[in-house]
Amino acid sequence: MPTVGQPIPHDSGKGHVTGEALYIDDLTPIADELFVEFVGSPVACGEIESVDVSQAKKLPGVVGVYTHRDVLGHNLFGPVICDERFLAEDRVEYVGQPVVVVAGETREAARAGRAAVKIRVTPDQPVLDIDTAIKRQQFLGPERRIERGDFDPAWQAAEHRIEGTFQSNGQEQFYLESQAAIAYPGEQGQLVVESSTQNPTESQAVLAEVLGLGMHEVVVRCKRMGGAFGGKETQGAIPALMAALVTQKTNRPARVVYTKDDDMKVTGKRHPYKTWYKAGFDSDGRLNAVKLDYYSDGGAAADLSTGIMERTLLHADNAYYLPNVRIKGRICKTNIPPNTAFRGFGGPQAIAVIENIIQEVAAKLGKDAYEIRRINCYGQAPRNTTPYGQEVKNNLLPEIFDRLAESSDYKKRLAEAEAFNSQSPTHLRGIAMTAVKFGISFTTRFLNQGNALVGVYTDGSVQVSTGATEMGQGVNTKIRQIVADEFGVGIERVLMMTTSTEKNINTSPTAASAGTDLNGAAAANACAAIKQRMAKFAADLFTDTNKDLAPSPNEIHFEDGHVFDRRDPDNRIEFGKFANLARMARIDLGARGFYATPGIDFDRETGRGNPFFYYTTGAAVAEITIDRFTGDLRVVGVDMLMDIGRMINPGIDHGQVIGGFVQGMGWCTTEQLVYNDAGELLSYSPTTYKIPNITDVPERFNFAFMDNGENARNIRSSKAVGEPPLMLGISAWAAAKHALGCVAGKEPVPLKLPATNEEVLMCLAGIEHKRRETEKPRSASR
Ligand code: MTE
Ligand code: HPA
Ligand code: MOS
């Protein structure tokens, strides 16, 4: 029985609940292991005057205290732009920026050492928001543009126009396993590092560069992460560096495990954005002229900000055809930790803006927002090309819209909500459908590759290692299924091994939702190479036993744990026995598979081309209630419909869809990062930073999938699912905007994202105040 398509339990499902599944800090310390802490900048920016480590060094149990002067290689790194120091030198650029690394015999000793280090900084005025950065023209990387048609004349000619600014806040990844690494000394200065990272190869490269080693002298391994959500695509390298520096200096194993507080304070998050927009449209609500100027808050260093802004520009359209459009993006340099990847990678920030525009178009025309969405949705040629020129193929969006409107009973519930709002003095109800069309592929072309190592043993069991890293998303389970089916053996005969740069070289981060696409395809290619050799051997074997049959390798079949000629299925050999015979005949039973996504090209300079292999699409209807006295917002109902192709594992994909939606809902409704004027994060723990919990999951939560087997170009006709559902959480925000719009009428609803209870209350108060002002009779106001 093939396992692809079956809801096989997650590889580590049991281990996750019993505690048997090990994370970095679960690894038993080996003799001599040191614990590592770091000392961060006390201020958001300024010149370092002095770093006094003398007291710390004297403390009992403190083994070493290190600064940038102890770095033997280059103290500078960065995934795209090399602008980030491992340990600060003359200047600090954000609160908590690592300056000193302390090694202790115990956690307590390291912490005491940390407390005894004195850093004196002459502080400068920090830049903490996008507006100030723009005023000072402090940017990271160049301005980027994508343009199609001619915005200016289309805007001039538009029947209706709206313009405004839209703000979305950042978001903490809130993985449950903090950033962590353990470094082990090898011979002659070599290192092995166990790291909680999405990106072992990049960690390997950064470690080599900073420590002055060759990449061949560094092995980075990752068994699993306790969540990552993009937060460990680049930033896992920093704790790995701290541990490795200590190991290099002491020749002892060294462990770093950030506390949750430190992790939240010093690591990068989703980028806050501020966007200036203009939209011109006709009386039906058809968008004809759209201009978008995105500004992101990149923080103190570039990190992945350029790639993230690129993905923002490429998702400005979302599910909607924009004939005349001018899109620009700039990254602001500020004094908060360098912002980084977070599920959606700039997509959510773009999609929120266009979905907001649609809500405003609807309000302006006094129409239902769903109608506006439906009329602007990508359809048949010529309304099927994106602003960057890629054709939207195999497009189920119109069908998704129609079917979801039907199955969610959207029209009836909308009418009920609006009737309710017209007479309830205490509560408001809101409902909205939003969509997602997420481009699958790294927008950086070279990253679209994967490799895998597959080995068949003489008992018929199989080990698989790929460049993919497991962060809970189930990539290992899916690849295990693919490999089991290739050899026609049960899933229990296949094991996924620890990801390691020793086995899989030059890998890409597990990101862009493409982990299974790239590494699963590479694993299938490795299996194919082994099977080709096996089939040739089997053909010879069956020819020996049955001369009449004389099969060619094409006739050899691998199924039900056996190898046979498909014309003579009764004459079969058990897979393990067969593997042993093959070895005796000196057949190679191992292979390295490689995969590179075909046919993607995108020119950054012209902003045109085909950056994506395909799109994952979907839509969601969210219904919310608002308490008019407290602003309390509840998401009471969600209906979702997605096209995620033929699922390799429906159980895992369900989990990804629900988890993604809820995480997006958190970004839109409750998660609020708050900094003080000194640039210190105040919301650095679950008591002050509100992620959704189980009671926030809506009671009505329906999800369905389109049966679409047309994506044959991707592995097993599947589609990537990791990030896209997050963007459907925006429907909850749009529903809040709808609810407030019922009070505001044709007046604007300047609701920011997230629509926290406070934000909702203040927005509502503003609307009510404005209404009282305009409703006052003229005479009374004199
Ligand atoms: N699911 C879990 N449980 N934990 C995670 O950290 N990360 C998300 C998504 N789903 C994540 C997750 C992100 S940001 C991405 S890019 C994808 O998983 C990466 O894995 P994939 O490419 O195998 O889908
Ligand atoms: N998505 C996620 N991570 C990335 C990307 C992307 O498009 N490009 C580079 N790193
Ligand atoms: Mo995901 S943000 O691409 O790691």
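What counts, and at which threshold
Residues numbered from 1 in each chain as written. Chains lettered and ligands numbered in written order. Predicted model: local features only at pLDDT ≥ 70, side-chain atom pairs only at ≥ 80, totals over all residues. Heavy atoms only, no water. Near = heavy atom within 4 Å. Polar contact = N/O pair within 3.5 Å; in protein donor to acceptor, adjacent residues only side chain to side chain. Nonpolar A, V, L, I, M, F, W, Y, C, P; charged D, E, K, R; others polar. Helix = DSSP H or I, 4+ residues; strand = E, 2+ residues; numbered from the N terminus. Buried < 20%, exposed > 50% of the residue type's maximum accessible area, 1.4 Å probe, protein only. Pairing = 2+ DSSP bridges. Areas by Shrake-Rupley, 256 points an atom, 1.4 Å probe, with all protein chains shown as cover. Salt bridge = Lys/Arg side-chain N within 4 Å of Asp/Glu carboxyl O. Core = buried A, V, L, I, M, F, W, Y, C linked by side-chain atoms within 4.5 Å. Contact = heavy atoms within 4.5 Å. Axes fitted to C-alpha atoms, helices over the stretch in contact; angles between N-to-C directions.

Participant: Go over the site of ligand 2 with me, naming the residues and quoting the values.
Facilitator: In the vicinity of ligand 2, the contacting residues are Glu233, Arg311, Phe345, Phe442, Thr443, Leu447, Ala511 and Ala512. At 2.8 Å, a side-chain N or O of glutamate 233 approaches a nitrogen atom of ligand 2. Here an oxygen atom of ligand 2 and a side-chain polar atom of arginine 311 are 3.1 Å apart. Grouping the amino acids of the shell around ligand 2 by side-chain chemistry returns 5 nonpolar, 1 polar and 2 charged.

Participant: I'd love a proper account of unusual backbone geometry, names of residues and values included.
Facilitator: In this structure, proline 382 follows alanine 381 across a cis peptide bond, with omega equal to 5°. Residue placement: proline 382 occurs in the loop between α11 (369-376) and α12 (397-407). We note that phenylalanine 229 has phi near 55°; this positive angle belongs to a residue other than glycine. Tracing the chain through its elements places phenylalanine 229 in the loop between β13 (218-222) and α7 (237-250). Residue phenylalanine 229 is classed as partly exposed on the basis of its relative accessible area, which comes to 28%. Despite not being glycine, aspartate 303 has its phi angle at roughly 45°, a positive value.

Participant: So what's going on with the pairing of strand β24 (residues 562-565)? Which residues, and what values?
Facilitator: Both faces of β24 are covered, namely the face carrying His562 and Phe564 and the face carrying Val563 and Asp565. As defined by bridge partners, strand β23 (residues 556-559) adjoins β24 across 4 bridges and the pair is classed as antiparallel. Within β24, the position partnered with isoleucine 556 by the bridge is aspartate 565. Linking β23 to β24, which pair antiparallel, is a turn of 2 residues; within it aspartate 560 sits at a positive phi near 50°. As defined by bridge partners, β24 adjoins strand β25 (residues 573-574) across 2 bridges and the pair is classed as antiparallel. Bridge pairing in β25 places histidine 562 opposite glutamate 574.

Participant: Pulling in residues and values, what's your account of the site of ligand 1?
Facilitator: Contacts to ligand 1 come from 17 residues, most closely from Ala228, Phe229, Met471, Gly515 and Gln656. Interatomic distance of 3.1 Å between a backbone N/O atom of alanine 514 and an oxygen atom of ligand 1. Contacts to ligand 1 include glutamine 656, whose side-chain N or O atom sits 2.7 Å from a nitrogen atom. In the complex, 91% of the free accessible area of ligand 1, which totals 530 Å², lies under the protein chains.

Participant: Kindly report on the pattern of salt bridges, identifying the contributing residues and their values.
Facilitator: One pass over the full model with this rule turns up 51 salt bridges. The partner of arginine 91 in a salt bridge is aspartate 124, with the nearest N and O atoms 3.1 Å apart. Separated by 33 residues along the polypeptide, arginine 91 in strand β6 (residues 91-92) and aspartate 124 in the loop between β8 (118-123) and α4 (130-135) bring together distant segments of the chain. Relative accessible area serves as the criterion here: at 28%, arginine 91 is assigned to the partly exposed category. Given the relative accessible area of 34%, aspartate 124 is considered partly exposed.

Participant: I'd like a description of the nonpolar core, backed by residues and values.
Facilitator: In this structure, Leu287, Tyr294, Ile357, Phe487 and Leu740 are the most contacted members of the largest nonpolar core, which totals 159 residues. Looking at which element gives the most residues to this core, the answer is helix α15 (residues 515-545), with 14 residues. Beyond its immediate chain neighbours, meaning those up to four positions away, leucine 287 contacts Ala279, Gly280, Phe281, Tyr321, Leu322, Pro323, Ile354, Ile357, Ile358, Val361 and Asn376. By size, the runner-up hydrophobic cluster in this structure holds 35 residues, among which are Phe38, Leu191, Val193 and Leu241.

Participant: Could you give an account of the sheet that holds β25, naming the residues involved and the relevant values?
Facilitator: Taken in spatial order, the 3 strands make up an open sheet running β23-β24-β25, and their pairing is antiparallel. Here the strands that pair on one side only, and so sit at the sheet edges, are β23 and β25. Packing against the sheet, α15 makes contact with β23, β24 and β25, and its axis sits at approximately 115° to β23.

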